[in-house]
Amino acid sequence: MPEASRTEPKIRCHGLWKVFGDAAETACARRGGGTAIEEALAGTDAIIGASDVNLEIAPGELFVIMGLSGSGKSTVLRCIAQLQRPSAGEVWLDDANLASMPEAQLMDIRRHRMGMVFQNFGLVPHFTALQNIAFPLKVRGEPAEQCAAKANEMLDLVGLNGRGDAYPSELSGGQQQRVGIARSLAVDPEVWLLDEPFSALDPLIRKQLQDELLELQARLQKTILFVTHDFSEAVRLADRIAIMRDGRIIQQGRAAELLMNPADDYVSRFVGDVSRLQVLKLGDIMQPSGRAVSGAPKMPASLSIEDMLLTTGGDVSTINVIDSNGRVTGRIDRAQAIETVRNATPGQTG
Amino acid sequence: MSGATTSLDTSLSLDTARRAALALLVLLGIAAIIMPERLPALVASPLAGSDAIAAAINGGIDWFVAVFKPALRAVAAGLDQAVRGLQKILHATPWLFIVIAVTWLAWRLKGIGLAALCGTAVLYMALSGYWLKSMNTLSMVGVAVPLALAVGFGLGVLGAKSRRANAVIQPTLDLMQTIPTFAYLAPLVVLFGFGPVPGVLASMIYAAPPMTRNVLLGLQSVPQELREVSSMSGTTPWQRFCHIELPCAKQQILVGINQLVLASLSMVIIAAVIGGFDDIGREVLVATNKGSARFGQALAAGIVIVLLAVVIDRLTRAAATRREAVGRKTGRRAIPVLWQLAGLAIVLAASIALKTYADIIAVASAIFFRLGEVAVNGWLQDFIATHGITLDAIKKTALMYLLLPLRIGLTKAVLPITWGFTFTPAMQTVYLLTVLAGTAWLAWRGRTTAASLLLSVGLISYCGFSYMPWWVMFAGVCWLAWRHAGWRFALVACAMMLAITLTGHWQGALYSVYLCSAAILVCLLIGCPLGILAAKSDIVSGILRPMNDTLQSIPLYIFLIPAVALFQVNEFSALVAIVLYAIVPLIRYTEHGLRHVPPTLVEAARANGCSPLQRLLMIELPVARPAILLGLNQTVLFALAMLIIAVLVGARGLAEQVNIGLRDADTGLGMTAGLSMAFIAIIADRVLRGYANSLGTTEIKD
Ligand SMILES: Nc1ncnc2c1ncn2[C@@H]1O[C@H](COP(=O)(O)OP(=O)(O)OP(=O)(O)O)[C@@H](O)[C@H]1O
Ligand SMILES: [Mg+2]
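Residue positions are counted from 1 within each chain, in the order its sequence is given. Following the order in which they are written, the chains are lettered starting with A and the ligands numbered starting with 1. For a predicted model such as this one, the threshold for reporting local features is a pLDDT of at least 70, and the threshold for listing and counting side-chain atom pairs is 80 or more; totals across whole chains, interfaces and linings nevertheless cover every residue. Side-chain descriptors were evaluated using all non-hydrogen atoms of the structure, hydrogens and water having been removed beforehand.

(A) How the structure looks around the overall build of chain B. Assigned secondary structure in chain B consists of 29 helices and 0 strands. In terms of C-alpha radius of gyration, chain B reaches 28 Å, essentially the compact-globule figure of 27 Å for 702 residues. Taken along its principal axes, the extent of the C-alpha atoms in chain B is 85 × 65 × 65 Å. A 1.4 Å probe rolled over the protein chains alone gives each residue an accessible area, and that area as a share of the maximum for its type sets the label: buried under 20%, exposed over 50%, partly exposed in between. Taken across its 702 residues, chain B has 51% of its residues classed as buried. Taking the intrachain contacts of chain B between residues at least 6 apart in sequence as the baseline, contacts between residues at least 24 apart amount to 80%. Only the protein chains shown count as cover for residues, with accessible areas throughout obtained via the Shrake-Rupley method and a probe of 1.4 Å. Accessible area for chain B stands at about 31,800 Å²; split by element, carbon and sulfur atoms hold 70% of it. Asp and Glu are treated as the negative residues and Lys and Arg as the positive ones, with His and the ends of the chain left uncounted. Where a charge sits is defined by one atom per residue type, namely NZ (Lys), CZ (Arg), CG (Asp) or CD (Glu). Both charge centroids of chain B, one from 50 positive and one from 31 negative side chains, sit 5 Å from each other. Secondary structure elements are taken from DSSP: a helix is a run of H or I of four residues or more, a strand is a run of E of two residues or more, and numbering for both begins at the N terminus. Taken over C-alpha atoms, the radius of gyration is set against a globule rule of 2.2 Å times the number of residues to the power 0.38. Residue contacts are counted whenever heavy atoms from the two residues lie within 4.5 Å of one another.

(B) Seen up close, the sheet that holds strand β5 (residues 96–97) of chain A. Residue and element names in this part refer to chain A. Pairing in this open sheet of 4 strands is antiparallel, and the strands run β2-β1-β4-β5 from one edge to the other. Of all the strands in the sheet, the pair left with one neighbour each is β2 (47–57) and β5. We treat two strands as partners when DSSP finds at least two bridges between them. The pairing of strand β1 (residues 11–20) with strand β4 (residues 88–93) spans 5 bridges and is antiparallel. Bridge pairing in β4 places His14 opposite Glu90. Axis definition: a line fitted to C-alpha atoms, limited for helices to the stretch in contact. Angles are taken between N-to-C directions and run from 0 to 180 degrees. Where helix α4 (residues 73–81) meets the sheet, it contacts β1, β2 and β4, and its direction lies at approximately 115 degrees from that of β1.

(C) View of the nonpolar core. The term nonpolar core refers to a set of buried residues drawn from Ala, Val, Leu, Ile, Met, Phe, Trp, Tyr and Cys, joined through side-chain atoms within 4.5 Å. Core analysis: the biggest nonpolar cluster contains 202 residues, and Phe182, Leu185, Leu515 and Ile645 of chain B have the highest contact counts within it. For the domain bounds, the source is a domain assignment made automatically or taken from a database. When residues of this core are assigned to domains, at least three map to each of domain 1 (62–383) and domain 2 (469–694) of chain B. Among the nonpolar cores identified, the runner-up in size contains 64 residues, and Ile133, Phe231, Ala255 and Ile305 of chain A belong to it.

(D) Layout of the packing of aromatic side chains. For Phe, Tyr and Trp, rings pair up if their centres lie within 6.5 Å, where Trp contributes its six-membered ring, and each pair is then called stacked (planes under 30 degrees apart), edge-to-face (over 60) or tilted (otherwise). According to the stated counting rule, one finds 14 aromatic pairs over all chains in the structure shown. Geometrically, the ring pair formed by Phe423 of chain B and Tyr431 of chain B is edge-to-face, given 6.2 Å between the ring centres and 75 degrees between the ring planes. According to the relative accessible area criterion, Phe423 of chain B is buried, its value standing at 11%. Aromatic ring contacts, followed pair by pair, group Phe423, Tyr431 and Tyr462 of chain B into a single cluster. Geometry around Tyr266 of chain A places Arg245 of chain A over its ring, the cationic atom sitting 4.8 Å from the centre. Here the guanidinium or amino end of Arg370 of chain B rests over the ring plane of Tyr130 of chain B, the centre of that ring lying 4.8 Å away. Sitting over a ring, as applied to charges here, requires NZ of Lys or CZ of Arg to be within 6 Å of the ring centre and within 35 degrees of the ring normal.

(E) Spotlight on helix α6 (residues 112–127) of chain B. All names here are of chain B. Compared with the 22 Å implied by 1.5 Å per residue over 16 residues, the 22 Å span of α6 between its first and last C-alpha is a close match. Among all positions of α6, only Leu114, Ala115, Cys118, Gly119, Ala121, Val122, Tyr124, Met125 and Ala126 are buried. Looking at the packing, one finds that the buried side of α6 touches α5 (95–109), α7 (131–161), α14 (295–320) and α17 (355–408). Gly129, located one to two residues past α6, shows a positive phi value of around 90 degrees. To estimate the expected span of a helix, subtract one from its residue number and multiply by 1.5 Å.

(F) Geometry of the site of ligand 1. All names here are of chain A. A cutoff of 4 Å decides nearness: a residue is near a molecule or strand if any of its heavy atoms lies inside that distance of it. Phe20, Ile47, Gly49, Leu68, Ser69, Gly70, Ser71, Gly72, Lys73, Ser74, Thr75 and Glu196 make up every residue found near ligand 1. Measuring from an oxygen atom of ligand 1, one finds a backbone N or O atom of Ser71 at 3.2 Å. Contacts to ligand 1 include Gly72, whose backbone N or O atom sits 3.0 Å from an oxygen atom. Expressed as a share of its isolated accessible area of 630 Å², the protein-covered part of ligand 1 is 62%. For the shell around ligand 1, the secondary structure elements donating two or more residues are β2 and α4. A per-element tally of the shell around ligand 1 places α4 first, with 3 residues. Think of it as three bins: nonpolar holds Ala, Val, Leu, Ile, Met, Phe, Trp, Tyr, Cys and Pro, charged holds Asp, Glu, Lys and Arg, and polar takes everything else, Gly as well. Considered class by class, the residues forming the shell around ligand 1 number 3 nonpolar, 7 polar and 2 charged. Whenever a nitrogen or oxygen atom comes within 3.5 Å of another N or O atom, the pair is scored as a polar contact, on the condition that within protein one atom can donate a hydrogen and the other can accept it, and that pairs from neighbouring residues in sequence are kept only if both atoms are in side chains.

(G) Region of the structure containing the pattern of salt bridges. Residues and elements named next belong to chain A. Throughout this description, the term salt bridge denotes a Lys or Arg side-chain nitrogen within 4 Å of a carboxyl oxygen of Asp or Glu. In this structure the tally under the stated criterion is 40 salt bridges over all chains. Close ionic contact of Arg113 with Asp94 constitutes a salt bridge, the shortest N to O distance being 2.8 Å. Note that Arg113 is positioned in the loop between α5 (103–112) and β6 (114–117) and Asp94 in the loop between β4 and β5, a separation of 19 residues in sequence. Salt bridges sharing common partners tie together Lys10, Asp94, Arg113 and Glu190.

(H) Quick peek at the domain arrangement of chain B. All names here are of chain B. What the domain assignment lists for chain B is domain 1 (62–383) and domain 2 (469–694). At the junction of the two partners, domain 1 supplies 38 residues and domain 2 supplies 31 residues. Regarding the contact of domain 1 and domain 2, the summed buried area is about 2,800 Å², with carbon and sulfur atoms giving 80% of it. Its largest share of buried area at the contact with domain 2, domain 1 owes to Thr178, Pro180 and Phe182, together 20% of the area lost on that side. Our count for the domain 1 to domain 2 interface comes out at 0 residue pairs in polar contact (both at pLDDT 80 or more). With 11 residues, the top contributor of residues to the side of domain 1 that touches domain 2 is α14. The residue makeup of the side of domain 1 that touches domain 2, split by class, is 26 nonpolar, 9 polar and 3 charged. Once two parts are put together, the accessible area they lose, assessed with a 1.4 Å probe and summed over both, is termed the buried area.

(I) Fine view of the interface of chain B and chain A. At the interface, 19 residues of chain B touch 27 residues of chain A. Put simply, chain B and chain A have 1 salt bridge between them. Here Glu228 of chain B and Arg78 of chain A are joined by a salt bridge, their closest N and O atoms 2.4 Å apart. Our enumeration of links across chain B and chain A arrives at 7 residue pairs in polar contact (both at pLDDT 80 or more). Of all the secondary-structure elements, those providing two or more residues to the side of chain B that touches chain A are α11 (224–232) and α12 (237–270) of chain B. Ranked by residues supplied to the side of chain B that touches chain A, first place goes to α11 of chain B with 7 residues. Class assignment for the residues of the side of chain B that touches chain A results in 6 nonpolar, 8 polar and 5 charged.

(J) Region of interest: the state of the cysteines. Our working definition of a disulfide is a cysteine sulfur pair at a distance within 2.5 Å. Counted according to the given criterion, the structure contains 0 disulfides over all chains. Cysteine Cys79 of chain A remains unbridged, with the sulfur of Cys13 of chain A as its closest cysteine sulfur at 8.3 Å. On the basis of relative accessibility, which here comes to 0%, the residue Cys79 of chain A falls in the buried class. Just so you know, Cys528 of chain B is unpaired, no disulfide at all, and the nearest cysteine sulfur is the one on Cys523 of chain B, 9.5 Å from it.

(K) The arrangement of a nonpolar patch on the surface in detail. Residue and element names in this part refer to chain B. Patches here are clusters of residues that have more than 30% relative accessible area and form no salt bridge, with a 9 Å joining cutoff for like charges and a 5 Å cutoff for nonpolar side chains (Val, Leu, Ile, Met, Phe, Trp, Tyr). The grouping of Trp107, Ile112, Ile335, Leu338 and Trp339 at the surface amounts to a nonpolar patch, some 610 Å² of accessible area in total. In this structure, Leu338 sits in helix α16 (residues 337–353). Of the residues examined, Leu338 reaches a relative accessible area of 68% and is grouped as exposed.

(L) Spotlight on the packing of α7 of chain B against helix α8 (residues 163–178) of chain B. All names here are of chain B. Between α7 and α8, whose axes approach to 6 Å, the crossing angle comes to 125 degrees. Accordingly, the angle class assigned to the pair α7 and α8 is oblique. Residues Leu155, Leu158, Gly159 and Lys161 of α7 form the contact with α8, whose own contacting residues are Arg163, Ala165, Asn166 and Ile169. Split into classes, the residues belonging to the contact of α7 with α8 amount to 4 nonpolar, 2 polar and 2 charged. Orientation is classified from the angle alone, with under 35 degrees giving roughly parallel, over 145 giving roughly antiparallel, 65 to 115 giving roughly perpendicular, and any other angle giving oblique.

(M) Region of interest: the sheet that holds strand β14 (residues 328–333) of chain A. All names here are of chain A. The 4 strands lie next to each other as β11-β14-β13-β12, forming an open sheet whose pairing is mixed. The open sheet is flanked by β11 (287–288) and β12 (298–300), the only strands paired with a single partner. Relative to β14, β11 runs antiparallel, the two being bridged by 2 bridges. By the bridge assignment for β14, Gln287 is matched with Arg331.

(N) Here's a closer look at the environment of Trp107 of chain B. Inspection of the secondary structure puts Trp107 of chain B in helix α5. For the pair Trp107 of chain B and Gly119 of chain B, spaced 12 residues apart in sequence, the C-alpha separation works out to 9.7 Å.

(O) Local environment of the domain arrangement of chain A. All names here are of chain A. Partitioning chain A into structural domains gives domain 1 (4–113 + 189–274) and domain 2 (277–343). Between the C-alpha centres of domain 1 and domain 2 the distance comes to 33 Å. Contacts between the two partners involve 7 residues from domain 1 and, on the opposite side, 4 residues from domain 2. Summing both sides of the interface, domain 1 and domain 2 together bury roughly 440 Å²; the carbon and sulfur share of this comes to 82%. Of all residues in domain 1, Ala256, Leu259 and Met260 bury the most surface against domain 2, accounting for 70% of the area lost on that side. Taken together, the links from domain 1 to domain 2 amount to 1 salt bridge. Asp284 is the partner of Arg254 in a salt bridge, and the nearest nitrogen-oxygen pair spans 3.3 Å. Counting every contact that joins domain 1 to domain 2 gives 1 residue pair in polar contact (both at pLDDT 80 or more). When residues in the side of domain 1 that touches domain 2 are grouped by element, the largest group, 4 residues, is from helix α11 (residues 255–260). A breakdown of the residues in the side of domain 1 that touches domain 2 according to their chemical character gives 6 nonpolar, no polar and 1 charged.

This is the structure:
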């Protein structure tokens, strides 16, 4: 990711460990991280939630963590939010290490710089939608009218105007999660954490909210850490994806990278369900070249192969790929594109 | 004997539990056959009880009183002032105002129905001539409730916040629930003297635990996600407690308050045995002890207590569920506070102006009530005169065929004058062999529970609780405890029984167990069928439910009134009183269990062509068994709680010792006997709950 290498990461996890069980926790803390922990824990009944996780998330990036149930996604997210203190390792937010930060200071960071959306919405049942949204503002001591104004603004943002006085029990699942999103954005956080926010919703609403999330992100440019177990959701949303198993990150990279070079069987089984034609973009398979092939149609690098195939007839054999500025950056041979996709599909007829 | 031996031969292939069952069975069989009365050494405990422990407790209390006298005096004086102050206020307030205020409150909280109920109830209190006594009771409750609230709430929060504190609070709550109420009245009297103060403090001690329990439950069941939401919103711990945890737990806490107020009233009424304060409980107690001669008074005053309890219960419950009722949806307009206050002030002024007339009316109607009471007394005496034979027959039957065999055994209870024949040695042998053979056969078929049940019932009715060899009792209880609550608890149970023996309460304990067993047997015989009926018919359920609700919320004393009126003061009245109170949970849980059998199972049974009876016996009852067992567990605890009150009408044993301890201010005696009762309750509770859990779990919330 060129962007990430140029700028300082917004969030950085370094050698992050989380083990459950009091004895294991102290053992882990004493060793101070590293692979020595595994030897120390071998044979004990410690449950490992996250083991040696290293992540870097650039400002404005939408980073997705995925994996099967119990693979430690939530654990990593909650360690970053410090809802669970890591057993070992560092969690940097800009130039502050959250892992060693006292509660009082963390409270301040949460009041101003972090927002979180929960899988089961986490709405306070005895608050109305507006009161829920205003809650983080209220606890940091903002005057009532300012809270109300901001909460109303947030309500508009998620398209719920007019429903502010409803209690959570009077809202549908989709509406509840919109309130959850509005609440997490009320403090204008820099970092936005979402733990399977759409998993409890039905597919249509889920898709709608995904679109809205992308729209919001285009406007707000938060640094997002998004947890899901659904690869197609990850593909729709993510700039980059990390795949977890048993507390470890098996592989991280852009969706196309995972598709074309899966690190192991686990990853390839994970990515097996999505349509390559949709995931792979022209930019992923083009041959770089600055010169345009004359007579060939020009198409943006962010177009999916499927769209390319659908919009071009069989008579077109070569396509010029252009970047967002309209400059030609490469070319694609239509037949060869299909061949590439077929090769990137493990286990299927090749 | 022979049956037992054959089963021993096959026992090699059986699993440990069944082998243990068989071993115990053989032991018990031998015990029974040796005929305890020929070898008295086997019956009487070798560990002679002594009152050393009781004496030590008395010494400790005396020392404590001597050292802390000024502090105790100050506390007592403060509380006394508070009670008497509140009493003055309540006496000075015109009854008309209280009637109107309560009615209005009920109307605001719930609606016209509750308003009518509460209005009528309070009106009855005013017109029946027991107004001042009711106000005396209320003034004690009024001081005890805030104290219990503070203590109960504080402990609940502490327990929810600190795991270490919780480790102390939980077992204490369990113990408090099982210690009979009289047991801590005695030390309180010693510490604080007679009068309202020990009653208020006992009421606080009795009422705080349900509050603590509910606060704990409420705070612990706040969803983890909401705590995290709160953290992520950047709350301080205090903000989190106020804005998230407390409101989330509110519903449960309100349930706790309801239970607290009722418990407080119940205890204040019980504390009337101390005397020294002219409250309504005292009135009922005195009248009840006079039997049928003062039945009218006991009834009229008893109704006041019931109404007090019902009004308090319904009002606090309505307050607890108010949010939905007065929510935006009902569309009822909110009346501005200022208007409400103004209205109340006007009513107050009017009632003060009309006080003289109102009081005249009250006095006049009280005279009518007194006349009515006399009439009721006459009527009851007529009733007893005409139906005395029937009542006697009921009493005799129960005594002869239930109580006596359980207490002294068939060997002594079956006599020509009672059963009409002699229980000859030949018959005894046949009886024992039948029981043993049946047990052996059941055990051999692998039905350990049924086998041990048959054996214990058979042997207990053979030799009776009073002549039960102590080591058989020890062995049996230990085995049950080990089986259903683990070996650790078996050790604890052993220690508890040892403590009972050492304090000299073994015989008393046997008597208490005997009377409770008899009551529980009757409860099972009546309660389970009623529960089944209620589960099958909505009409029966609709009739039973409000009755049960009321029975559960009224103070225990009330149950003595009908028992004594009909059967005078004796063991059978005690039994009746216990059954009246303890049967409620059994009915409730049976109905609940049967109504919550998974519908798929019922449908499957139907599809397989079960008749309704087969369905009930083979599917529904077995599935509902854990729930029924939990109900039985409650029934046992209720029976033990009532036993202590039933002493006043003829129960004996431990409860009597507790009562003597209270009467003679012998704290040591009262406390050791009280703790012994608590031990019995704890053992029964753990064993039954363990058994219910091993059958599967059911969640029942009250
Ligand atoms: N508080 C805890 N105590 C003990 N073990 C825990 C705790 N929280 C999580 N775990 C364990 O850590 C592992 C990772 O859990 P985690 O919740 O992070 O999984 P997940 O990937 O988020 O799964 P899901 O998709 O089901 O949410 C699991 O094995 C889980 O059992
Ligand atoms: Mg999770």
